[in-house]
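# An overview of the molecular structure
Take a look at the letters that make up each chain.
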Amino acid sequence: MGTFLPELCQCQLHANCTILTKGARVVLGMLLSQFGESQEVFLRSESMVFDRNPDPALDELTELAAVVCGADYAYLGWMDLSRLWFKARHGFKAAEQARAATACQWMLEKGAPLLIENAGKDPRFPPQGIPLPGAPPCLSYAGVPLVRNTQLVVGTLAVLARNPNQFTAEHLRLLEFMGRQATTRFDLYSRIRAQEQAQRARQRSERALAVERCFVAATLDSIPALVTVLDTAGRIVRMNFPCAQLTGLSLAASVGRPFVDEVIEPADRAWAAEKLSEAACGQVSGPHETTWRAAGGEKRVSWTLRPLKGPNEEIQYLIVSGQDVTGQRQMEMALHSSEARYREVVENSLGFVFTCSVEGRLTSLNAFTAETLGYRAGALAGRLLAELMEPASASAFQDSLRALETLKEWQGALLLRRSDGVYRRIAFRSRRIELPGERPFILTHGLDLTEQHQAEEALHSAMRQRELILESVGDGIYGIDLEGKLTFINEAGARILGYQPEQLSGRDIHEVIRHSRGDGTRYSKSSSPILQALRRSEPIRMRDEIFRRKDGVEIPVEYSANPLLEEGRVAGMVVAFQDVSERRRLEKMKDEFISTVSHELRTPLTSLRASLGLISSGSLNRRPEKQRHMFEMAIENCDRIIRLVNDILDFDRVERGRLPMERKPVEAVDLLRMAAAGAHRSATQAQIGIRIEALPAAVVADERRILQVLNELVTNAIKFSDPGTSILLAAQPAASTAAGALAVCFIVEDQGCGIAPEKLERIFERFQQGDASDSRAMGGTGLGLALCRSIVEQHGGHIWAESTPGKGSKFQFTLPAATLVEAK
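Only a predicted model underlies this, so the values are computations on that prediction, with no experimental measurement involved.

Taking 1.5 Å per residue as the helical rise, helix 5 (residues 56–69) with its 14 residues ought to reach 20 Å, and the 20 Å between its terminal C-alpha atoms agrees with that figure. Taken together, the buried positions of helix 5 are Leu58, Leu61, Thr62, Ala65, Ala66 and Cys69. Buried residues of helix 5, viewed axially, fall in a sector of 140 degrees; they line one side. Exposed residues lying more than 90 degrees from the buried face of helix 5 are Pro56, Glu60 and Val67. Those residues of helix 5 that are buried are in contact with strand 1 (73–79), strand 2 (83–90), strand 8 (153–161) and helix 7 (169–200). Two to three positions downstream of the cap, the backbone nitrogen of Ala57 sits 3.0 Å from a side-chain oxygen, assigning the N-cap of helix 5 to Asp55. Count one or two residues on from helix 5 and you reach Gly70, which has phi positive near 65 degrees.

Below, the structure written as structure tokens:
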């Protein structure tokens, strides 16, 4: 009974069309076009009804069935002996299903509507339910047969749900109603086919003209469309019952009267008359929407104007077909007004407003949300919100959805990705909304905090940069508020004062540092230069002041203090101070050096001047030995001055890295012998002996520079040794240099007064001596040992001193040993 019989349907259609002529078919086609069918569709064959091509009208009808019945799935299909073909479907995508697996076969077997409340308990179906391709099994089913007016079952309309007891008898009645709508559409397709057949059978249709006119009249009066037939002059020839009822005109009174004058409002008459003239020339126009004069007042009508040709292809009539859209427009205006108010509230919001399903899929959003993210609103609807988030934010968003199952509200900040890939930081506030009869959804409001976050990050970065700058500065820097309490201090400042920074925070800094004048007298709070400058809101700079460390040690400082401004007001002071102890020590060393050099230059110059004065006066002409002694004294003092100048120049070249070196292998004992020979005269005069103890060893060195080192050490040993003592010059293999190579250690040991232990390291610094006073008889600039250390270190060696006060000193330095090949 459910078998598709196209031959029978086609014969039935042919039978229904034998009484229609071409004119009637054309008129009926134009009337049906008012219900959403174009004239082209009207002339298609009925075969399109039973094929599997999509039909938007049937798709909408199927979707409507699913919505009305609350079904998960719905379909409209045809069934043959083995398969169920889906013409329209909702909720799944399959195109066909085996007939034996469907519930429709049981409905078609009885030829009556079928309701299955729980297929899991029905022996005709598997326990899990009714199978459906591409979807989970369903437990609820409701279906009705599609019966043509010929009492032929051509298909089925069914809805299914995954849950049991989803449908009732009321749903079956609704399905029957929609089934009739579907079969009515099938009949409409059949009529279209009939019109095509009638058009091809023109002669046969003309013989049935009388019957056709009756059919057309009945059809015009039965359809809800407004239909008026005009002649080519625009006069009314025929008006159907709905049109006459709307306008309040009777057919007898309206025939022959101008359509424009009787129906159209005066403001639109000239324009409408022009359209009628165009239609009389064969031009179709519309749809137009204008105001018509009606019995109960004005009505808004959407109408179309089409010319109708006769057998000789001449325009015989003009067909005006329309629809009263007054109620529809009023509803649209009310809906538009409501939507406009809602849209104004939402769209003008300067924040994110959107809704999403409990699964996180966007269902609606305002323009601000879309614009901020760089999308059109339509492009985001239906997308999973998590797709627009970076992984951590997506995970947090999923956690929020789970939290909203039990909580009323969730708040948090998440990163959303714009269309250009840039992330925006959005602060969300989400609530779960549950309305009667609707699925729960999530309503979310959000604020874009990106710029605020960036500003905070920039502020944090600026503060961090300030901290880094403060920490990188070697000077002490601290800040105080208007009460003199410390607000911050850098590491260098805390270290100079002997504290940790956290130990000083919030303390009265004046009491901590015990600020004093250069002579040691303390400042009171009223006389403190820093606090006075704070009260006057002016910067100051001070020298020769004293701060005290935590351990009580006085620190000579220089400092500058400047007001700290916030929004144009003084909020405190920033003080930058410097420990000048080292500078003062260097200044003292400089003064001692200048005094020593002056003494070292003045002494030989005075002696030289006296010797030359005696010689030039001629008083020694008769005493040649005395005269020769004066010459020798003058030469010796000149040599002394030259050595002093050379030491200063060599030290300058060493400091600049410009002291030339000519390294070559040389025997250590040869260096010692040359040094002893150079000091022989001075040692003899001082009654000091020199002995040499050297093992065979060779070094790679600049002979002249190493002799300069040895001469300095031997000269110092002679200066500080008592008569009758001796000086040891030795050379012996050493363990290695700092680089790990073999080395030779040179030793210069005297039996003099010795050096204090605390000065053993400092004597190798520039301007340093064991005794720097001008009254010291031994002389010296304090550069000799510093120059020795520089020369030794440039050779890759090391120099140091050992001493016992009262017993003598032992100076040692190492040089790289020459290899066997280099020595040869």
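Judged by nonpolar contacts, the single largest core of 41 residues is most densely connected at Phe746 and Phe813. Secondary structure elements with two or more residues in this core: helix 25 (668–685), strand 26 (698–701), helix 26 (703–719), strand 27 (726–734), strand 28 (743–749), helix 27 (784–794), strand 29 (799–804) and strand 30 (808–816). Look past the residues within four positions of Phe813 in its chain and what remains in contact with it is Ile706, Val709, Leu710, Leu713, Val744, Cys745, Phe746, Val792, His798, Ile799 and Trp800. Residues Tyr499, Ile513, Leu531 and Met573 belong to the second largest nonpolar core, which totals 25 residues.

Another point: the environment of His798. Mapped onto the elements of the fold, His798 is located in the loop between helix 27 and strand 29. What makes His798 partly exposed here is its relative accessible area of 45%. Considering only alpha carbons, one finds His798 and Gln812, 14 residues apart in sequence, at a separation of 8.3 Å. Setting aside residues up to four positions removed in sequence, His798 forms contacts with Val792, Gln812, Phe813 and Thr814.

A word on the pattern of salt bridges. Taken as a whole and assessed by the stated rule, the structure comprises 27 salt bridges. Residue Asp122 is joined to Arg124 by a salt bridge in which the shortest nitrogen-to-oxygen separation is 2.8 Å. Between Glu511 and Arg522 there is a salt bridge, with the nearest N and O atoms lying 3.8 Å from each other. With Glu511 in helix 21 (residues 509–513) and Arg522 in the loop between helix 21 and helix 22 (529–536), this pair connects stretches of sequence that are 11 residues apart. Assessed through its relative accessible area of 42%, Glu511 is described here as partly exposed.

Taken in spatial order, the five strands of this open sheet run 10-9-13-12-11, and their pairing is antiparallel. Each of the sheet's edge strands pairs with one partner strand only, and the pair in question is strand 10 (236–239) and strand 11 (285–294). The average undirected angle you get between the axes of adjacent strands in this sheet is 30 degrees. As paired strands, strand 9 (residues 226–230) and strand 13 (residues 315–324) are joined by five bridges and run antiparallel to one another. Bridged to Val227 within strand 13 is Ser321.

Read across the sheet, five strands follow the order 25-27-28-30-29 without closing on themselves; strand pairing throughout is mixed. Two strands lie at the open edges of the sheet, namely strand 25 (689–694) and strand 29, each paired on one side alone. Strand-to-strand twist across the sheet, computed as the mean angle between neighbouring axes with direction ignored, equals 15 degrees. In this structure, strand 29 lies alongside strand 30, joined through six bridges in antiparallel fashion. Residue pairing for strand 30: Glu802 is matched across the bridge by Lys810.

Attention shifts here to the pairing of strand 26. The side-chain alternation of strand 26 yields two buried faces, one formed by Ala698 and Val700 and the other by Val699 and Ala701. As defined by bridge partners, strand 24 (residues 664–667) adjoins strand 26 across four bridges and the pair is classed as antiparallel. Bridge assignment links Pro665 to a residue of strand 26, and that residue is Val700.

Examined against the element boundaries, Asp508 turns out to sit in the loop between helix 20 (501–504) and helix 21. Within the structure, Asp508 has its side chain in polar contact with the backbone nitrogen of His510 (distance 3.1 Å). Residues contacting Asp508, with those up to four places away along its chain left out, are Gly484, Lys485 and Lys525.

Cut-offs applied
Residues numbered from 1 in each chain as written. Predicted model: local features only at pLDDT ≥ 70, side-chain atom pairs only at ≥ 80, totals over all residues. Heavy atoms only, no water. Helix = DSSP H or I, 4+ residues; strand = E, 2+ residues; numbered from the N terminus. Expected span 1.5 Å × (residues − 1). Buried < 20%, exposed > 50% of the residue type's maximum accessible area, 1.4 Å probe, protein only. Arc of directions from axis to C-beta. Contact = heavy atoms within 4.5 Å. Polar contact = N/O pair within 3.5 Å; in protein donor to acceptor, adjacent residues only side chain to side chain. Core = buried A, V, L, I, M, F, W, Y, C linked by side-chain atoms within 4.5 Å. Salt bridge = Lys/Arg side-chain N within 4 Å of Asp/Glu carboxyl O. Pairing = 2+ DSSP bridges. Axes fitted to C-alpha atoms, helices over the stretch in contact; angles between N-to-C directions.

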